[in-house]
Amino acid sequence: NNKITDSLRQARLKHLASLELIDFQVPRGLNKSQILEFANCSWISNKQNLIITGPTGVGKTFLACALADKACKLGLQARYYRTHEFVSELQLAKADGSYPKLASKLAKTKLLILDEWLRDPLTPNNSRLILDILDERYQNNANIFCSQLPVEQWFENIQDSTIADAILDRVLHNSHRIN
């Protein structure tokens, strides 16, 4: 119990969510059998990504937190960030010299959640920071990306097209999607 409590605290989830609290009666296009399949967390063990897209208020963040809650209860380490806070933390770590330690910790985290993904366009410097982390995690650990934007609009929200190609290659390869 203490390990699970510590794991959930370290995950810093935005919502106290669990899969049991998901209301499948609300019409938002959730496929119950698909969500229950994700609940076994084999996609995390298989080092795959999950992309959750949809408009504001449909429960993207709640669903991501519920899946992370399940992962923590299975003994997997998770960490939730809003993308702009993630970028800020990376920038601060670069400035104060703690970046190698933070990057190492993020590389080992079994599930990284980036909420509000590409809500704000990524500058070339910010996209490089994110690429470095995603590159370390690629085919080593799983990620969840929650976005209001459809995947087709992601490329244009990363200002450096070369880095956009690299980021999207790592994000979209071996990914599952929930819209």
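A brief structural summary. These numbers were taken from a predicted model, which means no experiment stands behind them.

### A closer look at the packing of aromatic side chains
- Scanning all chains against the criterion turns up 4 aromatic pairs.
- Each ring, one from Phe-38 and one from Trp-43, has its centre 6.3 Å from the other, and the planes form 85 degrees; the classification is edge-to-face. When sorted by exposure, Phe-38 lands in the same class as Trp-43, which is buried.
- Among the aromatic residues, those joined into a cluster by ring pairs are Trp-117, Phe-145 and Trp-154.
- Positioned over the ring face of Tyr-81 is Arg-79, at 4.0 Å from the centre of the ring.
- Between the NZ or CZ atom of Arg-170 and the centre of the ring of Tyr-138, over which it lies, the distance is 5.9 Å.

### Focus on helix H4 (residues 60–73)
- For H4, spanning 14 residues, the distance from its first C-alpha to its last is 20 Å, which sits close to the expected 20 Å at 1.5 Å a residue.
- The buried fraction of H4 amounts to 11 of the 14 residues, a majority that puts the element mostly inside the structure.
- Positive phi shows up at Gly-75, right after H4, with a value of about 90 degrees.

### Some points on unusual backbone geometry
- The backbone phi angle of Cys-41 is positive, close to 65 degrees, even though this residue is not glycine.
- Note on Cys-41: relative accessible area 2%, which makes it buried.
- Even without being glycine, Asn-174 reaches a positive phi, approximately 55 degrees.
- Mapped onto the elements, Asn-174 comes out in the loop between helix H8 (161–172) and strand E5 (175–178).
- A relative accessible area of 37% means that Asn-174 is categorised as partly exposed.

### Here's the deal with the pairing of strand E3 (residues 111–115)
- Where burial is concerned, most of E3 is hidden: 5 out of the 5 residues are buried.
- Because side chains alternate across E3, one face comprises the buried residues Leu-111, Ile-113 and Asp-115, and the other comprises Leu-112 and Leu-114, equally buried.
- In this sheet, strand E4 (residues 142–147) lies alongside E3 in parallel orientation, the contact comprising 4 bridges. Of the residues in E4, the one forming a bridge with Leu-112 is Asn-143.
- In this fold, the crossover linking E3 to E4 by way of helix H7 (residues 124–137) has right-handed handedness.

### With respect to the side chain of Lys-60
- Looking at the secondary structure, you find Lys-60 in helix H4.
- Salt bridges are absent for the buried Lys-60, whose nearest opposite-charge side chain, Asp-115, sits at 6.5 Å.
- Among the polar contacts listed, one links the side chain of Lys-60 to the backbone oxygen of Gly-54, at a separation of 3.0 Å.
- Non-local contacts of Lys-60, meaning those with residues more than four positions away in its chain, are made with Ile-52, Thr-53, Gly-54, Pro-55, Cys-146, Ser-147 and Gln-148.

### Some points on the pattern of salt bridges
- Going through the model one piece at a time under the given rule, you end up with 9 salt bridges.
- One salt bridge in this structure joins Glu-89 and Arg-79, with 4.0 Å as the shortest N-O distance. Of the two residues, Glu-89 is situated in helix H5 (residues 83–96) and Arg-79 in strand E2 (residues 78–82); the sequence distance between them amounts to 10 residues.
- A relative accessible area of 28% means that Glu-89 is categorised as partly exposed.

### Quick notes on the sheet that holds E3
- The parallel open sheet is built from 5 strands, whose spatial order is E2-E3-E4-E1-E5. Both outer strands of the open sheet, E2 and E5, are each paired with one neighbouring strand and no more. Averaged over all pairs of adjacent strands, the angle between strand axes in this sheet comes to 15 degrees, irrespective of strand direction.
- Examined bridge by bridge, strand E1 (residues 49–53) and E5 share 4 bridges and lie parallel to one another. Across the sheet, residue Leu-50 finds its bridge partner in E5, namely His-176.

About the criteria used
Residues numbered from 1 in each chain as written. Predicted model: local features only at pLDDT ≥ 70, side-chain atom pairs only at ≥ 80, totals over all residues. Heavy atoms only, no water. Phe/Tyr/Trp six-rings, centres within 6.5 Å; stacked < 30°, edge-to-face > 60°. Buried < 20%, exposed > 50% of the residue type's maximum accessible area, 1.4 Å probe, protein only. Lys NZ or Arg CZ within 6 Å of the ring centre and 35° of its normal. Helix = DSSP H or I, 4+ residues; strand = E, 2+ residues; numbered from the N terminus. Expected span 1.5 Å × (residues − 1). Pairing = 2+ DSSP bridges. Right-handed = clockwise from strand over helix to strand, strands pointing away. Lys, Arg positive; Asp, Glu negative; His and termini not counted. Salt bridge = Lys/Arg side-chain N within 4 Å of Asp/Glu carboxyl O. Polar contact = N/O pair within 3.5 Å; in protein donor to acceptor, adjacent residues only side chain to side chain. Contact = heavy atoms within 4.5 Å. Axes fitted to C-alpha atoms, helices over the stretch in contact; angles between N-to-C directions.

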